[in-house]
Amino acid sequence: MFVIGKFAPNERPLVTDFKKACLRAIQKLIICSNPACKRVYPYNLNKVCPFCNRQTENVVIAGESAGGYYITFVSHCLSHPEVLEKLGIEFRNADKIKIKALVSHCGCFNLRSLVDEKKEQSKFPDIRLMTSTFIGKNLEETRKFLDTEEGKLAIPVFDSSFPPSFLIWATKDYLRYETFDLSEELTKLGVTHKTYKADGKIAAHAWSIATIFKESKDCLKETIDFVLPYLPGYFTK
């Protein structure tokens, strides 16, 4: 592309074309996960860093609060590419990404439960408003939409292909009921997972983000211990 019009200015691509090409090139760059390397290189089918030979296919994703919905939805879509097709989402290299484990911190997952007044999780501050805003409809329309075939596509479906999960919750957080429901579902499916509970004064929503507390540090250690076996050769204790 950058050669076209080299000697004929009128044939040169527009500035917007150059920008798009640059963005595409940047998207194909990968930062090596090896702390001793950290070199940047183009994506390659071998999934190996050309500088230190570190594999790049092992992925752990984590999300807090609404991020819990995002990571479970991504995991669902990667296991069920037909969902991406139905939603018209282009997920680059979706067939090559392998999520080895998932970490949810006070996450929410089921949009239908978040707008159901009979569910405890719907008592989380402004969660019904946030959910309906996300869907782009008023509350009543959102409830009806989530029961349609199109609306069901917005709700992650859990099956035996779901990655091993570390689920963090707190006793004073209404979204703990989302974790309870997910843990129950994963247990039925035989999916490896572990729940981590916060109690006492610190047990509010997103509690372990404040890593200055001993409880948060303990949680981080437990999280690392859970995910390390799924990242062989990546880190050493």
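Heads up: these notes are all about the structure in this document.

A word on empty space enclosed by the protein
Over the atoms, a rolled probe matching the size of one water molecule traces out where space is still vacant.
Okay, step 1: In total, this model carries one cavity of 30 Å³ or more according to the counting rule given.
Okay, step 2: Roughly 30 Å³ of internal volume is contained in the largest cavity.
Okay, step 3: If you trace the largest cavity, you find it lined by Ser75, His76, Ser79, His80, Val157, Phe158, Asp159, Ser161 and Phe162.
Okay, step 4: The residue inventory of the lining of the largest cavity, partitioned by class, reads three nonpolar, five polar and one charged.

Describing helix H2 (residues 66-79)
Okay, step 1: Compared with the 20 Å implied by 1.5 Å per residue over 14 residues, the 21 Å span of H2 between its first and last C-alpha is a close match.
Okay, step 2: For H2, the buried fraction is high: ten of the 14 residues fall into the buried class.
Okay, step 3: Residues of H2 that are buried include every one of Gly68, Tyr69, Ile71, Thr72, Phe73, Val74, Ser75, His76, Cys77 and Leu78, and no others.
Okay, step 4: Taken together, the buried residues of H2 touch strand E3 (58-64), helix H3 (81-87), strand E4 (98-105), helix H4 (111-114) and helix H5 (127-135).

With respect to H5
One full turn of an α-helix is made of 3.6 residues, so residues set three or four places apart face in the same direction.
Okay, step 1: All of the buried residues in H5 are Ile127, Thr131, Ser132 and Ile135. Take H5 and look down its axis: the buried residues cluster within an arc of 125°, on one side only. Structural note: H5 exposes Leu129 and Thr133 on the side pointing more than 90 degrees away from its buried face.
Okay, step 2: Of the surrounding secondary structure, the elements contacted by the buried residues of H5 are H4 and helix H6 (139-145).

Examining the layout of surface pockets
Okay, step 1: Estimates place the volume of the second largest pocket at around 240 Å³.
Okay, step 2: Taken together, 14 residues line the second largest pocket, and the ones lying closest to its centre are Asn110, Phe158, Asp181, Leu182 and Glu185.
Okay, step 3: Top contributing element to the lining of the second largest pocket by residue count: helix H8 (residues 176-189), with six residues.
Okay, step 4: Of the residues contributing to the lining of the second largest pocket, the split by class is six nonpolar, two polar and six charged.

Brief notes about the sheet that holds strand E5 (residues 165-170)
Hydrogen bonds between backbone groups are what pair the strands of a sheet, and the pairing can be parallel or antiparallel.
Okay, step 1: What the four strands build is an open sheet, ordered E3-E4-E5-E6; its pairing is parallel. With one partner strand each, in any of the chains shown, E3 and strand E6 (193-198) form the two edges of the open sheet. Averaged over all neighbouring strand pairs, the angle between strand axes comes to 15°, with direction disregarded.
Okay, step 2: As judged from the seven bridges shared by E3 and E4, these two strands associate in the parallel manner. Directly across from Ala62, in E4, lies its bridge partner Val103.
Okay, step 3: Along the sheet, H8 makes contact with E5 and E6, crossing E5 at roughly 150°.

Considerations on the nonpolar core
Okay, step 1: Ranked by internal contacts, the top residues of the largest apolar core, which has 31 residues, are Tyr69, Leu111, Leu114, Leu146, Phe162, Leu182 and Leu186.
Okay, step 2: Elements that contribute at least two residues to this core include exactly H2, H3, E4, H4, H5 and H8.
Okay, step 3: Per-element tally for this core: the top contributor is H2, with six residues.
Okay, step 4: Setting aside chain neighbours within four positions, we find Leu111 in contact with Tyr69, Thr131, Phe134, Ile135, Leu146, Ala154 and Ile155.
Okay, step 5: With 14 residues, the next largest nonpolar core counts Cys106, Ala170, Ala198 and Ile202 among its residues.

A look at the pattern of salt bridges
Okay, step 1: Enumeration over the complete set of coordinates arrives at eleven salt bridges.
Okay, step 2: For the salt bridge of Lys123 with Glu120, the shortest nitrogen-to-oxygen distance reads 3.2 Å.
Okay, step 3: In this structure Lys123 comes out as partly exposed when scored by relative accessible area, which is 44%.
Okay, step 4: Across the salt bridge formed by Asp199 and Lys197, the nearest N and O atoms sit 3.9 Å from each other.
Okay, step 5: Each of Glu117, Arg128, Glu140 and Arg143 takes part in salt bridges that share partners, so that together they form one network.

Scoring rules and cut-offs
Residues numbered from 1 in each chain as written. Predicted model: local features only at pLDDT ≥ 70, side-chain atom pairs only at ≥ 80, totals over all residues. Heavy atoms only, no water. 1 Å grid on protein atoms, 1.4 Å probe; cavity = no way out; pocket = protein on both sides within 12 Å on 5 of 7 lines; lining within 4 Å. Points joined across faces, edges and corners; volume = space filled by probe spheres on them. Nonpolar A, V, L, I, M, F, W, Y, C, P; charged D, E, K, R; others polar. Helix = DSSP H or I, 4+ residues; strand = E, 2+ residues; numbered from the N terminus. Expected span 1.5 Å × (residues − 1). Buried < 20%, exposed > 50% of the residue type's maximum accessible area, 1.4 Å probe, protein only. Contact = heavy atoms within 4.5 Å. Arc of directions from axis to C-beta. Pairing = 2+ DSSP bridges. Axes fitted to C-alpha atoms, helices over the stretch in contact; angles between N-to-C directions. Core = buried A, V, L, I, M, F, W, Y, C linked by side-chain atoms within 4.5 Å. Salt bridge = Lys/Arg side-chain N within 4 Å of Asp/Glu carboxyl O.

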